[in-house]
Amino acid sequence: MSIQQRFQPLLMQRKQEDLYRSRPLVTSAQSTHMQINGLNVINFSSNDYLGLANHPQIKHALIQALQTKDTSYGSGAAHLITGHHLPHHLAEDGLADWLEAERALLFSTGYMANLAVQQALMQANDIILADKLCHASLIDGAQQSAATLKRYPHNDIKALERRLKQSKETQKERGGEILIVTDGVFSMDGDIAPLKEIQALVHQYQAWLLVDDAHGFGVLGQQGRGCFEHLGLTPDENTILVGTLGKAFGCSGAFVAGSTTLIEALIQLARPYIYTTAMPPLNAIAILEALKLVQNAHASRETLTQHIQQFRTGALQIGLTLIDSPTPIQAIILKQSHTAIAWSEHLKQQGFWATAIRPPTVPKNQARLRITLSAQHNTKDITQLLNALKNCQIDL
Ligand SMILES: *Cc1c(COP(=O)(O)O)cnc(C)c1O
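From a predicted model like this one, the values you see are computed outputs, not experimental measurements.

Conventions we followed
- Residues numbered from 1 in each chain as written.
- Predicted model: local features only at pLDDT ≥ 70, side-chain atom pairs only at ≥ 80, totals over all residues.
- Heavy atoms only, no water.
- Helix = DSSP H or I, 4+ residues; strand = E, 2+ residues; numbered from the N terminus.
- Rg over C-alpha atoms; globule rule 2.2 N^0.38 Å.
- Buried < 20%, exposed > 50% of the residue type's maximum accessible area, 1.4 Å probe, protein only.
- Contact = heavy atoms within 4.5 Å.
- Areas by Shrake-Rupley, 256 points an atom, 1.4 Å probe, with all protein chains shown as cover.
- Lys, Arg positive; Asp, Glu negative; His and termini not counted.
- Charge placed at Lys NZ, Arg CZ, Asp CG, Glu CD.
- Core = buried A, V, L, I, M, F, W, Y, C linked by side-chain atoms within 4.5 Å.
- Domains from an automatic or database assignment.
- Pairing = 2+ DSSP bridges.
- Axes fitted to C-alpha atoms, helices over the stretch in contact; angles between N-to-C directions.

Asks: Sorry, what's going on with the overall build of the protein chain here?
Replies: In terms of regular secondary structure, the protein chain is built from 15 helices and 13 strands. Computed over its C-alpha atoms, the radius of gyration of the protein chain comes to 22 Å, within 12% of the 21 Å expected for a compact globule of 396 residues. With the principal axes as the frame, the protein chain shows a C-alpha extent of 60 × 55 × 55 Å. Across the 396 residues in the protein chain, those meeting the buried criterion constitute 52%. Relative to all contacts within the protein chain whose residues are 6 or more apart in sequence, the contacts with residues 24 or more apart total 71%. Total accessible area computed for the protein chain in this model is approximately 18400 Å², and 51% of it derives from carbon and sulfur atoms. Looking at the protein chain, you have 33 positive and 33 negative side-chain charges, and the mean spots of the two groups are 8 Å apart.

Asks: Please explain the nonpolar core as it appears in this structure.
Replies: As a rule of thumb, soluble globular proteins bury nonpolar side chains together. Membership of the largest hydrophobic core comes to 80 residues, with the highest contact counts inside it found for Leu95, Phe311 and Leu389. No other element matches helix H12 (residues 281-295), which puts seven residues into this core. Two domains share this core, each providing at least three of its residues, namely domain 1 (25-50 + 298-395) and domain 2 (57-295). Aside from chain neighbours lying at most four places away, what touches leucine 389 is Phe311, Ile318, Leu320, Ile332, Trp343, Leu347 and Leu369. The next biggest cluster of nonpolar side chains, apart from the first, holds 28 residues, and it includes Leu138, Ala147, Leu179 and Ile263.

Asks: Even after reading the chapter, I still don't get the sheet that holds strand E10 (residues 329-335), so can you show me in this structure?
Replies: Remark on secondary structure: sheet strands pair via backbone hydrogen bonds, oriented parallel or antiparallel. Strand order in the open sheet formed by three strands is E10-E13-E12, and the pairing between neighbours is antiparallel. The open sheet has two edge strands with one neighbour each: E10 and strand E12 (355-357). Pairs of neighbouring strands in the sheet enclose a mean axial angle of 30°, with direction left out of account. The pairing of E12 with strand E13 (residues 367-372) spans three bridges and is antiparallel.

The structure is reproduced here in structure tokens:
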């Protein structure tokens, strides 16, 4: 069978089911006002929560760095060969200090960090208990590890405890560790994991905890330290934090933060860390500059909170169904994929970019518009979006 014979029917079927995906072409800088597929739109789809992706201070730091003789664009090799440059090292130290963790380790992407952690740490006889709505990279990481993966219903503490009990029972004879895996802020729903209750279970059952706070870092907490700070908690010694640097940080890449032993184990064992070229040192310089901005972004975080308030109040007033979320990720549930696409298209015609999210990214019948707010938006942008959403209700 040729590639054509195998995949042509599959592609056709996806089109018929309104599930076909394509890549909108961006011809302006990342911002709240941009040009996408030739349209000038107000952008409500990016994860650039603090507006750092095109920040002049970061650009300036990069231009300056390129003019010195000690900075190259490319890293030249993997970290364990000759690719671990001073800016990488400084970025790791800076991230660890900020989070009050012993160490941090940079990865080229969050996807790779999540593969790395679970593949390196988990062994046969270990059990991974993951929230049903975890990011795809966490699920892929769990499946590629030697451990057994079990899912628990979203944010359901009772169900998690039942699975912990069962797992302890199974492990009585054969031994092994349990790792609980959750997003901090859930990427498609915007709600926050009940980390206080999860931490209590972690202690009670002596489990380990992996929290991927890709959408919490920079956004939540007084210092932007994410979900733990937001909830008044401190990660303990068997907690592994994953953060990405392509969202609120406006750069790219990711980090794992935790104990020295955790980080050293990853350096020794994690294949997605070892067998890949280190990110460009220039990106690490951008990360360091972004970190300074994130630490001082109190005003932006306050603005974001006001935007979230404005959007939720307005959307509920016109009768939209929102997922209960205190974060910049605001999901409008429209159920059918074709409805979500129709709304997204109608918004485009009115000058707004809001992505329709469909299965398999979200469960069946849960197709939605995923609105993301940025501190860079202004009050008028959000008022206009709400008017455009009202038009969708009337016209569709
Ligand atoms: C975006 C995201 C990732 C992937 O990070 P990349 O750096 O984009 O590969 C992982 N986990 C969560 C929860 C995310 O939202």
